Structures are given as C-alpha cells and as structure tokens.
Amino acid sequence: MFFKFGMTECKSVLTPLDENVKLRPNSGMSCDQKKFQQIVGSLIYLTITRPDLIYPVGMITQFMVRPTAKHLQCVQCILWYVSSTMD
C-alpha cells in the first residue's frame, strides 16, 4: 500500500490522528480527489483487521467529495501510524 501511494519513507507516529484536530469541509485548498479516495478506500479495507483505525478512518470518510490539503495531511498521518504499527 505504501509503494502505491509513494509513501515508502514514512515517519513514525504513535496515534493515527492528533486528538485536537478539527476537520471542516472547505477548510483550505482542494487536493487530488481521486488520490484521496484511493488512499481512504485502502484504509477502509484495512479496518477489517485493524479495529484501532475505525474511528479515524470513519472521521476522514466524511470528506470524500471535496477533500482539502488538510484532509490529505490527516490521511497521511494515518498512513504513518499504520507504517509504524505494522508489527
């Protein structure tokens, strides 16, 4: 999954999302919607075996129609978390 989205060099994080993050629709510049949807779709599939991802992924799926750069940054943070907790 990390190769597919060009994130082979991920930094390590301890939580999937910052607890103080406030996500709002139309809260900045838009990003590549197709890439965003592909990453989130992969994360949704991953929640089958990773129940710790259900809440952050569910939270980010609310912005599938018009994702912004802030939303993409949150998705990348979730990917960093997955990368650091694979074992």
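Within each chain, residues carry numbers counting from 1 in the order of the written sequence. The model is predicted, so local features are restricted to residues of pLDDT at least 70 and side-chain atom pairs to those at 80 or more, both for listing and for counting; the totals for chains, interfaces and linings are taken over all residues. Side-chain numbers here rest on the full set of heavy atoms in the structure, without hydrogens or water.

### Observations regarding the overall build of the chain
Only runs of H or I of at least four residues qualify as helices and only runs of E of at least two qualify as strands under DSSP, and these elements are numbered from the N terminus. Scanning the chain from N- to C-terminus turns up 3 helices and 0 strands. Ordered by position from the N terminus, the helices and strands of the chain form the series α-α-α. The burial tally for the chain puts 39% of its 87 residues in the buried class. Pairs at least 24 residues apart make up 85% of the contacts formed inside the chain by residues separated by at least 6 positions. Only the protein chains shown count as cover for residues, and all accessible areas are computed by the Shrake-Rupley method using a 1.4 Å probe. Carbon and sulfur atoms make up 54% of the accessible area of the chain, which amounts to about 5,800 Å² in all. A simple rule labels every residue: compare its accessible area, found with a 1.4 Å probe on the protein chains alone, to the largest value its type can have, and call it buried under 20%, exposed over 50%, or partly exposed in between. By definition in these notes, contact holds between two residues if any of their heavy atoms fall within 4.5 Å.

### Notes on the pattern of salt bridges
Salt bridge, as used here: a side-chain nitrogen of Lys or Arg that lies within 4 Å of a carboxyl oxygen of Asp or Glu. Applying the stated rule across the entire model yields 1 salt bridge. Here Asp-52 and Arg-50 are joined by a salt bridge, their closest N and O atoms 3.1 Å apart.

### Re helix H3 (residues 69-84)
Residue count minus one, scaled by 1.5 Å, sets the expected span of a helix. Here H3 is 16 residues long and its end C-alpha atoms lie 23 Å apart, about the 22 Å a rise of 1.5 Å per residue gives. Contact partners of the buried residues in H3: helix H1 (33-46) and helix H2 (54-60).

### Let's talk about the side chain of Arg-50
The residue Arg-50 is located in the loop between H1 and H2 in this model. If near-sequence neighbours (up to four positions away) are discounted, Arg-50 is found in contact with Tyr-81, Val-82 and Thr-85.

### Quick notes on the environment of Ile-78
Here Ile-78 is to be found in helix H3. Separated by 64 residues in the primary sequence, Ile-78 and Leu-14 have C-alpha atoms spaced 10.0 Å apart. For Ile-78, the residues in contact, after removing those within four places along its chain, are Pro-16, Leu-17, Leu-43, Leu-53, Pro-56 and Val-57.

### Considerations on the state of the cysteines
Sulfur atoms of two cysteines make up a disulfide when they are within 2.5 Å. Counted by the stated rule, this structure contains 0 disulfides. The closest cysteine sulfur to the non-disulfide-bonded Cys-74 is located on Cys-77, 7.0 Å from its own sulfur. Judged by its relative accessible area of 6%, Cys-74 falls in the buried class. What makes Cys-77 buried here is its relative accessible area of 18%.

### Here we look at H1
Taking 1.5 Å of rise per residue, 14 residues should cover 20 Å, and H1 covers 20 Å from first to last C-alpha, within 8% of that figure. Those residues of H1 that fall on the buried side of the exposure criterion are Phe-36, Ile-39, Val-40, Ser-42 and Leu-43. Across the axial projection of H1, the buried residues extend over an arc of 155°, all falling on one side. Exposed residues pointing more than 90 degrees away from the buried face of H1 are listed as Lys-34 and Tyr-45. As for H1, its buried residues are in contact with H2 and H3. As used here, the arc belongs to the directions running from the helix axis to the C-beta atoms.

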